[in-house]
Amino acid sequence: MSTAVELNDSHEHDDELNYIRSARGRRAIGVAREQEHKPRLTRVADQAHSNFKAAEAFNIAPTGFNPTFKGKRFEEEWLRQSLGSFYDDSLISDVLSQVKGGKEANVYCCLAYPGLGPRWLAAKIFRPRMFRNLKNDAAYREGGELIGRDGKAMRKKREQTAVAQRTRIGLAMLHQSWLSNEHGTLTRLHAAGALTPKPWGVNGNTILMDFLGEQAMPAPALNHVDLDPAEGRRLFEQMVSQLRLMLKADVVHGDLSAFNILYWQGEIRIIDFPQAVNPWRNPNAFRFFTRDVTRVIDYFSGYGVNANPEGLARALWREAYGAEAGERLGE
Ligand SMILES: Nc1ncnc2c1ncn2[C@@H]1O[C@H](COP(=O)(O)OP(=O)(O)O)[C@@H](O)[C@H]1O
Ligand SMILES: [Mg+2]
């Protein structure tokens with residue numbers, strides 16, 4: 001079947017396909033490339049453009065990156081665009097399989113570059129659909145900042161307004177901000193010794209990090225694991241230490257649950273940080289923290305753990321900040 005036929009043959013990837021083919025999608029991909037390879041802007045932008053115009057061009061790898069895993073329609077080109085910079089930087093040498101396709105991100109198992117250390121790396125590629133999928137972000141952003149590609153806050157009124165009004169540029173900034181927030185948080189927590197995957201790289205679309213598990217068997221999330229009660233209690237204690245450590249590093253996860261704790265051979269790793277908030281800035285932080293603590297306790301109550309979520313949240317908060325929950329930090 002020729003690629004041209006595939007272009008007109010739409011099935012489950014309709015959303016991506018429509019997005020990629022739209023002017024907005026082309027621009028967004030152009031911007032992502034621009035940010036990654038500034039000096040090559042014109043050539044890359046032209047190339048991306050002609051990719052979309054001429055289906056034949058899909059067989060030409062712009063960087064020589066030709067992953068083994070091809071995926072479904074258009075995924076191959078999307079993978080090359082999203083992961084090419086990591087190939088160029090000698091972080092990965094191949095893409096082997098898809099681990100998970102979520103609403104907001106796809107996670108792939110990559111072969112790490114020989115000699116790098118780990119055998120595999122996980123690439124979390126934020127999906128274009130996420131541009132349209134951030135309806136409830138206001139509480140997370142409250143008092144917080146949009147974070148730019150350089151990891152610094154974007155404070156300009158113009159930028160804030162663009163996001164509030166959901167303009168094309170505003171949505172692209174939001175996408176960038178969530179991705180930068182996840183990467184920045186992972187970096188900070190990993191350096192602080194938290195049980196998170198180590199981040200290895202980031203670009204406008206993707207975070208590259210330690211892969212948990214093995215290629216043939218990615219680590220399951222805690223909610224898919226049967227622990228024996230003693231191990232359940234041990235891991236609960238470990239999670240309490242992690243909550244304490246994260247709070248001392250000024251991080252409230254904001255979407256913590258058994259779904260975002262991976263388990264592998266007796267060890268846990270906490271993942272999925274785009275919505276993480278800083279308690280010094282976000283007035284809703286204690287509310288998010290209490291919800292995180294509650295969900296962790298809910299899960300472990302299945303293993304005989306009996307703790308008061310609000311009480312534990314308050315105690316950890318007091319310990320980290322010397323302040324009662326509800327008091328404004330820094331005042
Ligand atoms: N570092 C990793 N190693 C192995 N699998 C991972 C890793 N990160 C994510 N995954 C898998 O991908 C899924 C989705 O990742 P996550 O960061 O939770 O994104 P989201 O829930 O927003 O789609 C996880 O539940 C897990 O199965
Ligand atoms: Mg998740």
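Residues numbered from 1 in each chain as written. Chains lettered and ligands numbered in written order. Predicted model: local features only at pLDDT ≥ 70, side-chain atom pairs only at ≥ 80, totals over all residues. Heavy atoms only, no water.

## Section: the coordination of the magnesium ion (ligand 2)
Protein coordination at the magnesium ion (ligand 2) comes from Asn260 (OD1) and Asp272 (OD), with a distance range of 2.2 Å. One end of the pair, asparagine 260, is in the loop between α9 (229-248) and β10 (261-264); the other, aspartate 272, is in the loop between β11 (267-270) and α10 (285-301), with twelve residues separating them in the sequence. Since its relative accessible area comes to 8%, asparagine 260 is described here as buried. (Donors = N, O, S within 2.8 Å, 3.2 Å for Na, K, Ca; no water. Helix = DSSP H or I, 4+ residues; strand = E, 2+ residues; numbered from the N terminus. Buried < 20%, exposed > 50% of the residue type's maximum accessible area, 1.4 Å probe, protein only.)

## Comments concerning helix α11 (residues 309-321)
With 13 residues, α11 ought to run about 18 Å at 1.5 Å a step, and its terminal C-alpha atoms sit 18 Å apart, in line with that. Here α11 has its buried residues at Leu312, Ala313, Leu316, Trp317 and Tyr321. All buried residues of α11 project into a common sector of 135 degrees when viewed along the axis, lining one side. Buried residues in α11 make contact with α9 and α10. Positive backbone phi, approximately 60 degrees, marks glycine 322, located one or two places after α11. (Expected span 1.5 Å × (residues − 1). Arc of directions from axis to C-beta. Contact = heavy atoms within 4.5 Å.)

## Describing the state of the cysteines
Counted under the stated rule, the structure contains zero disulfides. Lacking any disulfide linkage, cysteine 109 is separated from the closest cysteine sulfur, that of cysteine 110, by 6.7 Å. Judged by its relative accessible area of 0%, cysteine 110 falls in the buried class. (Disulfide = S-S within 2.5 Å.)

## A few points about the pattern of salt bridges
Scanning all chains against the criterion turns up twelve salt bridges. One salt bridge in this structure joins arginine 80 and glutamate 76, with 2.9 Å as the shortest N-O distance. Here the residue arginine 80 and the residue glutamate 76 both occupy positions in helix α5 (residues 75-88), the gap between them amounting to four residues, near one helical turn. Residues arginine 295 and aspartate 255 are paired through a salt bridge, measuring 3.5 Å at the closest nitrogen-oxygen approach. With a gap of 40 residues between them, arginine 295 in helix α10 and aspartate 255 in the loop between α9 and β10 connect regions that are remote in the sequence. Since its relative accessible area comes to 30%, arginine 295 is described here as partly exposed. Taken together, the salt bridges that share partners define one network made up of Lys70, Glu76, Glu77 and Arg80. (Salt bridge = Lys/Arg side-chain N within 4 Å of Asp/Glu carboxyl O.)

## Some words on the side chain of threonine 206
Mapping threonine 206 onto the fold places it in strand β7 (residues 206-210). When neighbours within four sequence positions are excluded, threonine 206 is seen to be in contact with Ser82, Leu83, Phe86, Ala123, Lys124, Ile125, Leu179 and Gly201.

## Thoughts on α9
Between its first and last C-alpha, α9 extends 29 Å over 20 residues, near the 28 Å set by a 1.5 Å rise per residue. Against α8 (168-191), β10, β11, α10 and α11 lie the buried residues of α9. Of the residues one or two after α9, aspartate 250 is the one with positive phi, at around 65 degrees.

## What about the sheet that holds strand β6 (residues 199-202)?
Overall, antiparallel pairing links the five strands, which are arranged β1-β2-β3-β7-β6 in an open sheet. Of all strands in the sheet, those with a lone pairing partner are β1 (92-101) and β6, marking the two edges. Direction aside, the axes of adjacent strands within the sheet are offset by 25 degrees on average. Two strands pair when backbone bridges link them, and strand β3 (residues 120-126) and β7 are joined in this way by five bridges, in the antiparallel orientation. Directly across from alanine 123, in β7, lies its bridge partner leucine 208. Of the strands in this sheet, β3, β6 and β7 are in contact with α8, which crosses β6 at around 155 degrees. (Pairing = 2+ DSSP bridges. Axes fitted to C-alpha atoms, helices over the stretch in contact; angles between N-to-C directions.)

## Considerations on the site of ligand 1
Ligand 1 sits among Lys100, Val107, Ala122, Lys124, Met209, Asp210, Phe211, Leu212, Asn260, Leu262, Ile271 and Asp272. A distance of 3.4 Å is found between an oxygen atom of ligand 1 and a side-chain nitrogen or oxygen belonging to lysine 100. A distance of 3.0 Å separates an oxygen atom of ligand 1 from a polar atom in the side chain of aspartate 272. When isolated, ligand 1 has an accessible area of 540 Å², and the protein chains bury 88% of it. Of all elements in the fold, only β3 and β7 reach the threshold of two or more residues within the shell around ligand 1. (Near = heavy atom within 4 Å. Polar contact = N/O pair within 3.5 Å; in protein donor to acceptor, adjacent residues only side chain to side chain. Areas by Shrake-Rupley, 256 points an atom, 1.4 Å probe, with all protein chains shown as cover.)

## Looking at the pairing of β3
Among the seven residues in β3, seven count as buried, and that is most of the element. Here β3 shows two buried faces, one formed by Trp120, Ala122, Lys124 and Phe126 and the other by Leu121, Ala123 and Ile125. Two strands pair when backbone bridges link them, and strand β2 (residues 105-112) and β3 are joined in this way by seven bridges, in the antiparallel orientation. Looking at the pairing, cysteine 110 lines up with leucine 121 of β3.

So, to be careful, I would describe these as geometric facts and stop short of saying anything about function.
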